[in-house]
Amino acid sequence: MTLNLGKIHKQILYFLILLLIIYPGYGQDKLKFGKTSLSPKELNVDKYKCVITPSASINEDAPDNLKLFFNVSWFDKNNASISPPDKFSLITKHLKNIEEYCDENGKKLSSKPGLFSKEIELTNSFTIVPAGILEMANYRNVIFKDNNPPVNMKVLNQSSEPITFNLVLYIGKEKNNALDIDDKLEKISWSFILPKKQNAQPEVLSCAELEKKYNTQFKENQPKFNIGYYESKSLEIESGALAKDVLFELKSSLLEFKADITSLSFLKETIRNNPSYKDCVDLPVIVGSINNYLTDPARIDAIIEKINKAIVNSADGEGGGSGEPPNEAFLANVQHSISAYNLLYDLKMNPDLLSNYDEGYLDELYIQLKKKKTAQDSLYNVLISIDESPENKRKYKEFIEYNNGAIAIIEELSPDILNNKEPEAEGDNDTLPDKGSFPYVWIIFPVIVLLTAFGVYKYVGKLKKAKNISKKA
């Protein structure tokens with residue numbers, strides 16, 4: 001009996017094709033909780049070889065968050081490991097990250113490699129197929145290299161179907177004043193299957209464990225003072241006894257206090273919503289301690305408004321006008337924008353957390369962020385007239401980035417908020433004057449601007465005079 005090997009080979013081939021059709025997940029990387037390495041992929045770049053090896057990380061306690069890390073290795077034509085080449089870089093495009101990078105670093109973007117070459121169309125480097133299963137967070141890294149921060153993704157829908165992650169990189173040269181995009185590399189892809197989320201029972205803590213947990217969180221967010229301390233300072237503000245640098249420090253402390261009570265308000269609701277709240281006698285005690293600090297944000301805003309007016313009045317150099325420039329308040333606003341963005345990003349990634357906040361929380365924060373922008377613009381104009389340092393410019397751009405990002409998330413979470421009127425300036429009324437009444441704000445606002453400008457002019461004049469004296473000395 002003779003065997004027909006050719007026929008057997010064909011049967012095996014048909015069987016493998018059938019297997020791939022029946023089992024679409026065959027050959028895919030199946031992710032597991034923890035870290036999973038995906039298959040390495042090679043790219044030929046110039047005369048070098050670039051090997052990219054991703055690894056996926058999923059925490060079982062947060063199965064809806066997926067992180068992709070990339071290991072990037074370079075080899076020469078002899079397959080010897082080398083350092084990344086100096087003459088070009090691999091570049092990623094995600095939303096407006098390249099344009100923002102150029103703006104922040106004073107570079108001009110060019111995606112037209114030659115005089116007669118066609119301009120390269122810059123499309124997103126990362127795509128996920130099918131849509132609707134994973135959502136990718138903003139990725140700001142422009143230069144694609146080893147040990148970059150991970151690509152963060154949120155699992156929108158659990159699926160047992162294979163997911164394909166596509167990556168397209170650009171070749172570019174970074175110069176002192178330009179970023180040139182010269183070429184677009186071929187697309188490489190990885191396919192994987194998400195791990196199944198376990199329906200684990202929530203951990204049940206004893207009353208002693210809950211008390212320790214919530215007490216620790218309370219102490220981490222416990223303000224240094226309560227609202228009574230700041231209201232007592234109002235009398236000193238009205239008397240004009242506080243120097244300008246003290247006013248800025250007080251405003252910075254107030255902004256920190258306001259952020260703390262926002263965190264405490266969230267903690268209070270978390271404790272009260274705990275199923276063991278009524279059974280654990282110490283939990284209401286912690287809530288009572290929190291209540292000692294909670295206050296109406298309007299009371300804080302009223303003091304901030306007094307401080308702002310006192311700062312304007314001290315700008316003429318009389319009395320308290322000899323303090324340092326408003327660095328403290330400026331930096332406090334930067335930190336506030338970063339904190340607000342991080343908080344809102346967590347809410348975006350897990351919208352269920354919104355139930356822990358009051359109904360009007362997003363509206364209030366939206367108005368606050370808009371007012372912060374107006375206040376920060378004024379502070380920046382004062383600072384830059386005194387010292388045009390790169391650090392001040394960088395911090396201002398950082399503020400704008402996070403402030404705009406926070407506002408964008410609120411508009412995404414609450415589209416109806418766009419129908420509300422935006423605040424015009426810190427301390428202004430949020431509504432227009434009644435029909436027929438005289439819009440006094442049209443007079444008051446220009447007067448404040450003129451007073452501020454006059455104060456800055458005198459401040460800069462004194463600064464220049466002091467410099468001239470020091471030179472003569």
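Before any of the text, the structure's been laid out above.
Just so you know, these numbers come straight off a predicted model, no measurement behind them.

Trainee: I would appreciate a short explanation of the sheet that holds strand E12 (residues 163-167) in the present structure.
Mentor: In sheet architecture, strand pairing relies on hydrogen bonds along the backbone and comes in two forms, parallel and antiparallel. Taken together, the 4 strands give an open sheet; going across it, the order is E1-E15-E12-E9, and neighbouring strands pair in mixed fashion. Since the sheet does not close on itself, it has two edges, and those belong to strand E1 (29-30) and strand E9 (126-129), each with one partner. Note that E9 and E12 share 4 bridges and pair antiparallel. Bridged to Thr127 within E12 is Asn166.

Trainee: What should I look at first to understand the packing of helix H5 (residues 244-272) against helix H6 (residues 282-291) in this one?
Mentor: If you want to describe how two helices pack, look at the angle between their axes and the distance between the axes. Look at H5 against H6: their axes get within 10 Å of each other, and the N-to-C directions meet at 160°. With respect to H6, the element H5 is oriented roughly antiparallel. Note on packing geometry: the crossing formed by H5 with H6 is left-handed. Along its contact with H5, which presents Leu264, Leu267, Lys268, Ile271 and Arg272, the element H6 presents Leu283, Ile286, Val287, Ile290 and Asn291.

Trainee: Sorry if this is basic, but what is going on with unusual backbone geometry here?
Mentor: Among all residues save glycine, negative phi is the norm, and among peptide bonds the norm is trans. Here Val129 and Pro130 are connected by a cis peptide whose omega angle stands at -5°. Mapped onto the fold, Pro130 is located in the loop between E9 and strand E10 (134-136). One non-glycine residue, Asp46, lies in positive phi territory at about 60°. Phi at Asn79 is positive, roughly 65°, even though this residue is not glycine. Examined against the element boundaries, Asn79 turns out to sit in the loop between strand E5 (62-75) and strand E6 (81-82). On the basis of relative accessibility, which here comes to 49%, the residue Asn79 falls in the partly exposed class.

Scoring rules and cut-offs
Residues numbered from 1 in each chain as written. Predicted model: local features only at pLDDT ≥ 70, side-chain atom pairs only at ≥ 80, totals over all residues. Heavy atoms only, no water. Pairing = 2+ DSSP bridges. Helix = DSSP H or I, 4+ residues; strand = E, 2+ residues; numbered from the N terminus. Axes fitted to C-alpha atoms, helices over the stretch in contact; angles between N-to-C directions. Parallel < 35°, antiparallel > 145°, perpendicular 65-115°, else oblique. Left-handed = near helix turned anticlockwise from the far one by under 90°. Contact = heavy atoms within 4.5 Å. Buried < 20%, exposed > 50% of the residue type's maximum accessible area, 1.4 Å probe, protein only.

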